[in-house]
Amino acid sequence: LAGDPAQRVSAAAALDAWAHAHCKPARGGTDCGPLVVVATAGGGIRAAYWTGIVLGHLHDKIPAFDDRVFAISGVSGGSVGASVYRAIVTGGNAQCRRDSILPCTTGILTHDYLSPLSASLLYPDLVQRFVPWPQLPDRAKTFETAWEHVVQDHAGTAAFGQSFAALGAPGQQPWPALFLNATRSENGRRIIAASVRIDNEPAFKLANDQLSVLGYDIRFASAAHNSARFPYVSPPGSW
């Protein structure tokens, strides 16, 4: 992957960039217009679908809505819906962004992902339990690959199979910044797959920056899945 986690802009720098792009001097203060921060909860497929259709509806009804959204924080299914929205507004085809992204989000989030995951669980993943060395792809890879293909088919972007760190690379518009939350088993703290750096940010001092902990980049789909793993449906996440 092309992204370098250490080169992501910081959350503070991303906020400064948003302010520089939107704030205008006005009568002794600043007139920035609305800054939107979205927090979306978990709840599996329902949460993913709900998040996708709400963001899609707001995007279609409010001019330049995605430019006003500074950050989206999600967990579990909410992270999946948020990631789908971010992928579409960043690299989706012109028809999605120009006409209506709601059909694109609903098309992606109503797709059947459980069938390929179940097939992988019952066959290659089960066989791997009896093989002493890593040989076959687990069901997480099957799940994420299915996401990548469906996002490509419906939105015309390969973003889910590409670098997550690149979303916060210097020279790129870092918003909407993604904060995809999970729990780190070693210390019980939040571990966040963030598209901007948070490892030196006072506001995130009790959380871990997932990409900084790893020390390397991951695919967009993997970042979303790490926040949305469900016991038995997904294999344990480790590195």
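Before any of the text, the structure's been laid out above.
Bear in mind the structure is a predicted one, so any value in this text is a computation, not a measurement.

Draft legend 1. Up close: unusual backbone geometry. In this structure, Pro 176 follows Trp 175 across a cis peptide bond, with omega equal to -5°. Relative to the assigned elements, Pro 176 resides in the loop between α9 (139-155) and β5 (177-183). Here the phi dihedral of Ala 64 falls at roughly 55°; this positive angle occurs in a residue that is not glycine. Its place among the elements puts Ala 64 in the loop between α2 (44-61) and α3 (65-68). Judged by relative accessible area, Ala 64 falls into the partly exposed class, the value being 48%. Non-glycine residue Ser 76 carries a positive phi angle of around 55°. Along the chain, Ser 76 falls in the loop between β4 (69-75) and α4 (77-91).

Draft legend 2. Quick peek at the packing of α4 against helix α6 (residues 102-109). Between α4 and α6, the least distance of the axes is 10 Å, while the angle of their chain directions is 135°. By the angle class used here, α4 and α6 are oblique. Our pair here, α4 against α6, has a crossing hand that is right-handed. Listed contacts from α6 to Val 80, Gly 81, Val 84 and Ile 88 of α4 are Cys 104, Thr 105, Ile 108 and Leu 109. Considered class by class, the residues forming the contact of α4 with α6 number six nonpolar, two polar and no charged.

Draft legend 3. How the structure looks around the sheet that holds β4. The strand order across the open sheet formed by five strands is β3-β4-β5-β6-β7, and the pairing between neighbours is mixed. The sheet is open, and its two edges are formed by β3 (36-40) and β7 (207-209), each paired on a single side. For this sheet, the mean angle separating the axes of adjacent strands, direction not counted, is 25°. Pairing analysis gives three bridges linking strand β6 (residues 190-194) to β7, with the strands arranged parallel. Of the residues in β7, the one forming a bridge with Ile 192 is Asp 209.

Draft legend 4. Representation of the packing of aromatic side chains within the structure. Under the criterion given, the structure shown has eight aromatic pairs. Both rings, one in Tyr 113 and one in Phe 143, keep their centres 6.3 Å apart while their planes meet at 75°; by these two values the pair is edge-to-face. Separated by 30 residues along the polypeptide, Tyr 113 in the loop between α6 and α7 (114-122) and Phe 143 in helix α9 bring together distant segments of the chain. Comparing Tyr 113 with Phe 143, the two get one shared label, buried. Geometrically, the ring pair formed by Phe 143 and Trp 147 is tilted, given 4.8 Å between the ring centres and 35° between the ring planes. A residue pair is termed a helical-turn pair when its members lie 3 or 4 positions apart in one helix, as Phe 143 and Trp 147 do in helix α9 at four residues. For the pair Phe 143 and Trp 147, a shared accessibility class is recorded, and that class is buried. A connected cluster of aromatic rings, assembled from ring pairs, spans Tyr 113, Phe 143, Trp 147, Phe 160, Phe 164 and Phe 220.

Draft legend 5. The pairing of β4, seen in detail. Of all seven residues making up β4, five are buried, and the element is well covered by its neighbours. Bridging between β3 and β4 involves five bridges; their strand directions are parallel. In the strand pairing of β4, Ala 39 is matched with Ser 73. In terms of strand pairing, β4 meets β5 through five bridges, oriented parallel.

Draft legend 6. Here's a closer look at α2. Given a rise of 1.5 Å per residue, 18 residues ought to cover 26 Å, and the 26 Å separating the end C-alpha atoms of α2 matches this to within 8%. Inspection of α2 places Ala 47, Ala 48, Thr 51, Gly 52, Leu 55, Gly 56 and His 59 among the buried residues, and these make up the whole buried set. Down the axis of α2, the smallest arc covering the buried residues is 150°, so these residues share one side. Opposite the buried face of α2, by more than 90 degrees, sit the exposed residues Arg 46, Trp 50 and Lys 61.

Draft legend 7. Focus on the packing of α6 against α9. At a minimum axis distance of 9 Å, the contact between α6 and α9 shows a crossing angle of 155°. The angle between the axes of α6 and α9 places the two elements in the roughly antiparallel class. Where α6 crosses over α9, the handedness of that crossing is right-handed. Along its contact with α6, which presents Cys 104, Gly 107 and Ile 108, the element α9 presents Val 150, Val 151, His 154 and Ala 155. Across the contact of α6 with α9, the residue classes tally to five nonpolar, two polar and no charged.

Criteria and cut-off values
Residues numbered from 1 in each chain as written. Predicted model: local features only at pLDDT ≥ 70, side-chain atom pairs only at ≥ 80, totals over all residues. Heavy atoms only, no water. Helix = DSSP H or I, 4+ residues; strand = E, 2+ residues; numbered from the N terminus. Buried < 20%, exposed > 50% of the residue type's maximum accessible area, 1.4 Å probe, protein only. Axes fitted to C-alpha atoms, helices over the stretch in contact; angles between N-to-C directions. Parallel < 35°, antiparallel > 145°, perpendicular 65-115°, else oblique. Left-handed = near helix turned anticlockwise from the far one by under 90°. Contact = heavy atoms within 4.5 Å. Nonpolar A, V, L, I, M, F, W, Y, C, P; charged D, E, K, R; others polar. Pairing = 2+ DSSP bridges. Phe/Tyr/Trp six-rings, centres within 6.5 Å; stacked < 30°, edge-to-face > 60°. Expected span 1.5 Å × (residues − 1). Arc of directions from axis to C-beta.

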